[in-house]
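Here is how the chains run, residue by residue.
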Amino acid sequence: MVKHTYQTGLIGNCAFLAHVHKNTDISWLCWPRFDSTFVFGSLLDEQKGGEFSIRPASQFTSEQSYLENTNVLVTKVTCDDGEYQITDLAPRFLQYDRYFKPLMLIRKIEPISGTPRLKVKCEPVTEYGKRKLRGQRGSNHIEYYGGEDIMRLTTDIPITYIYDERYFVLSETKYLVLTYGHPLEAPLVSTCETFLRETVKYWRTWIKFSSIAGFFQEYVIRSALALKIHQYEDTGAIIAASTTSLPEYDGSGRNWDYRYCWLRDTHYVLNSLNHIGHFQEMEKYFNYVADISVSEESRYQPLYRIDGSKQLDESILEYLDGYKGNKPVRIGNQANEHIQNDIYGQVMISIMPLYTDHRFIFRERKDSRKWISSILDKIEATIDEKDAGIWEFRNFANTHCYSNLFQWAGCGAAAKTAATIGDKDLEAKARRLQARAAEHIESCYDPVRKVYTNAVGSEHLDASTLQLIMMGYLDPTSDRAKDHLKALEAELKTESGLIYRYLHADDFGKPKTTFLICAFWYVEALACVGRIDEAVTEFEKLMKYSNHLKLFSEDVDEETGSQWGNFPQAYSHVGLMNAAYRIAMKLDKPIFL
């Protein structure tokens, strides 16, 4: 069987994200927000998804690479007539004491050799491919009407060649600037070169001021860069992925919209940002979570839109073909209706640094008791309740070990925070609830198999219970932790080092692909229990599951090593960063500043 990998690179500036295919097409771009309609979406439908390509007249091959330590992507094309390269970027740099991050895509086309003949096709769409935008030519630009706002393509290529989709000889460097809402009102060439230079400088400076452990540094750098642009800087939200409806495996029907912020990811995301020393991104994400915490009087949803709003009604776009014919294409996510009780602990853990990390100014937190008490009340109200669990089962509920683990951890965080502010009553309440959560966790223990099952009264095993070791519920030096790990790897691990989330049937049958972050959790667990050499070996195995740009998907097929699921998956990159850090600390590797 042929290995399938995603043939795209990702660019972005914390205001938008775009996928650039090796065939030169902008195969995915949502404007004006991460969760808006796509204006280019050939990733999901080659006919209705629009196109923004720069292709030669003859057959061609291409290679892609990032400019080192940046999110600027270069696609080198070789054809019968010669070679050329396209540099794609989303401008981002400091200007007037704030970050300049316009809804602007710059494409620089440079001849390398020969006389390649090219054709530029720019055909944006709206309403998820229902309508093409109407192009109207200007003196040095084409304006596109019919969407929420005007888009403009400004270029020094003859407009006739683009408007009529004619081939031309690339004899000198050319530029294309696509903007949304606000057109480029500045000199084209000098502006593009300035924005390119300043954007490269920004990203390289950002990496230089990162604390990157000396273990698989190149992969950690790429993961950090990918995670960074999944943050919608305006609100601080970090989305799970930029895409929707890329299937968990071919023909699975498990096609979900991941362009939202899951509270269940909070602990892992904040850990990864903390490990690389990026406080600003942490603070923005704290504020996003805090805003939701204050506004939600009753239950938290498992996920929210990037502006913190709750409406994520799920619908199916029947008219779109789907990725490689995989239907359905979904927008919105019905998981917002689920009961997922680990999230209260996740929020509590995320808030704790506000009180324990001295980089935050303590006196600014005047309503601390109210916050802690409110979250503890939510934990108390849900601690005995069945829920959909981390994997968001749609049609059945259980008392999940993982959910209670994070309630246990959240109560521990609340107790520490209450102690910090000197509230003994609140601390006592937190400890009482923590003990109750522990009782539920222990109800999942199978003494015969020496393993914690996924839920009370269940025989099924689940990779999420690896977190019992990493979260400190189980002493990693104890026989119980080591036995639990052995039982999980015996049932869920593949020979290639991949890990299934679980192997029992869910709402859609039995899963057929492994979940990549679970493999990184396994690596962390190995390191925790002292199996360091194995952790290093297993981590090395996982690196081969990236695409040509060190970008990782959500799911991996055990047999072929194929990438599936939404891509790139922020969760997978967070898992890589946290596992690399855990190993580096065990190996006592230096931190490079």
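Details of the structure are given in the entry above.
## Details of the packing of helix α4 (residues 266-275) against helix α6 (residues 342-351)
Between two packed helices, the angle of one axis relative to the other and the distance separating the axes together describe the packing. Packing of α4 against α6 leaves a shortest axis separation of 8 Å and a crossing angle of 25°. Overall, the two elements α4 and α6 adopt an arrangement that is roughly parallel. Here Thr 266, His 267, Tyr 268 and Leu 270 of α4 come into contact with α6, specifically with Gln 346, Ile 349 and Ser 350. Partitioning the contact of α4 with α6 into residue classes produces three nonpolar, four polar and no charged.

## A closer look at the environment of Tyr 144
Locating Tyr 144 in the fold gives a position in strand β16 (residues 141-145). Distance in space between the C-alpha atoms of Tyr 144 and Arg 134 is 5.2 Å, their sequence separation being 10 residues. Ignoring sequence-local partners within four residues, the contact set of Tyr 144 consists of Cys 122, Pro 124, Leu 133, Arg 134, Gly 135, Asp 149, Ile 150, Met 151 and Leu 153.

## Focus on helix α3 (residues 217-228)
Here α3 contains 12 residues, and its C-alpha end-to-end distance of 16 Å stays within 8% of the 16 Å for a straight helix at 1.5 Å per residue. Residues of α3 that are buried include every one of Tyr 219, Val 220, Ile 221, Arg 222, Ser 223, Ala 224, Leu 225, Ala 226, Leu 227 and Lys 228, and no others.

## A look at the sheet that holds strand β31 (residues 563-564)
The strand order across the open sheet formed by three strands is β29-β30-β31, and the pairing between neighbours is antiparallel. Looking at which strands have only one partner, the edges of the open sheet turn out to be β29 (514-515) and β31.

## A word on the packing of aromatic side chains
Tallied over the full model, the rule gives 36 aromatic pairs. Note on Phe 16 and Trp 31: the rings are 5.4 Å apart at their centroids and 75° apart in plane angle, and the pair reads as edge-to-face. Taken together, the positions of Phe 16 in the loop between β1 (8-12) and β2 (17-21) and Trp 31 in the loop between β3 (26-30) and β4 (38-40) put the pair 15 residues apart, joining distant regions of the chain. By relative accessible area, which is 0% here, Phe 16 ends up buried. For the pair Trp 203 and Trp 206, a centre-to-centre distance of 6.2 Å together with 85° between the ring planes defines the contact as edge-to-face. Of the two residues, Trp 203 and Trp 206 are both situated in helix α2 (residues 188-208); the distance of three residues between them amounts to about one turn of the helix. Note on accessibility: Trp 203 and Trp 206 belong to one class, buried. Joined through ring pairs, the aromatic side chains of Tyr 268, Trp 391, Tyr 402, Phe 406, Phe 515, Trp 521 and Tyr 571 make up one cluster. Lying over the aromatic face of Trp 391, Arg 501 brings its terminal NZ or CZ to 5.1 Å of the ring centre. Here the guanidinium or amino end of Arg 501 rests over the ring plane of Phe 515, the centre of that ring lying 4.6 Å away.

## Quick word on the packing of α3 against helix α15 (residues 570-586)
Between α3 and α15, the least distance of the axes is 9 Å, while the angle of their chain directions is 140°. Classified by the angle their axes make, α3 and α15 are oblique. Between α3 and α15 lies a crossing whose hand is left-handed. Residues Tyr 219, Val 220, Ser 223, Ala 224, Ala 226 and Leu 227 of α3 form the contact with α15, whose participating residues are Ala 570, His 573, Val 574, Leu 576, Met 577 and Ala 580. Here the contact of α3 with α15 is composed, by residue class, of 10 nonpolar, two polar and no charged.

## Focus on the pattern of salt bridges
Following the criterion strictly, the structure yields 37 salt bridges and no others. Among the salt bridges present, the one from Asp 88 reaches Arg 107, with a minimum N-O distance of 2.6 Å. Linking Asp 88 in strand β8 (residues 82-89) with Arg 107 in strand β11 (residues 104-114), this pair joins segments that are 19 residues apart in sequence. With respect to burial, Asp 88 and Arg 107 carry one shared label: buried. The partner of Lys 429 in a salt bridge is Glu 380, with the nearest N and O atoms 3.5 Å apart. Here Lys 429, found in helix α10 (residues 424-442), pairs with Glu 380, found in helix α8 (residues 368-382); they are 49 residues apart in sequence, far enough to count as distant. A relative accessible area of 15% places Lys 429 in the buried class. Accessibility expressed as a relative area gives 32% for Glu 380, which makes it partly exposed. Ionic contacts of the salt-bridge type, sharing partners, join the residues Arg 92, Lys 101, Lys 228, Glu 233 and Glu 281 into one network.

## Here we look at the sheet that holds β2
Across the sheet, which stays open at both edges, the four strands sit in the order β1-β2-β3-β4 with antiparallel pairing between neighbours. Pairing within the sheet leaves two strands with one partner each, and these edge strands are β1 and β4. On average, each strand axis in the sheet is inclined to that of its neighbour by 20°, with strand direction left out of account. Taken together, the three bridges between β2 and β3 define a ladder with antiparallel strand orientation. If you follow Val 20 over to β3, its bridge partner there is Ile 26.

## Looking at unusual backbone geometry
In terms of backbone geometry, most residues other than glycine have negative phi values and most peptide bonds are trans. In this model, Trp 31 is joined to Pro 32 through a cis peptide bond whose omega is 10°. Residue placement: Pro 32 occurs in the loop between β3 and β4. Within the chain, Tyr 128 stands out as a residue other than glycine whose phi angle is a positive 50°. One can find Tyr 128 in the loop between β13 (125-126) and β14 (131-132).

Here is what the cut-offs are and how they apply
Residues numbered from 1 in each chain as written. Predicted model: local features only at pLDDT ≥ 70, side-chain atom pairs only at ≥ 80, totals over all residues. Heavy atoms only, no water. Axes fitted to C-alpha atoms, helices over the stretch in contact; angles between N-to-C directions. Helix = DSSP H or I, 4+ residues; strand = E, 2+ residues; numbered from the N terminus. Parallel < 35°, antiparallel > 145°, perpendicular 65-115°, else oblique. Contact = heavy atoms within 4.5 Å. Nonpolar A, V, L, I, M, F, W, Y, C, P; charged D, E, K, R; others polar. Expected span 1.5 Å × (residues − 1). Buried < 20%, exposed > 50% of the residue type's maximum accessible area, 1.4 Å probe, protein only. Pairing = 2+ DSSP bridges. Phe/Tyr/Trp six-rings, centres within 6.5 Å; stacked < 30°, edge-to-face > 60°. Lys NZ or Arg CZ within 6 Å of the ring centre and 35° of its normal. Left-handed = near helix turned anticlockwise from the far one by under 90°. Salt bridge = Lys/Arg side-chain N within 4 Å of Asp/Glu carboxyl O.

These figures come from the coordinates and say nothing about function on their own.
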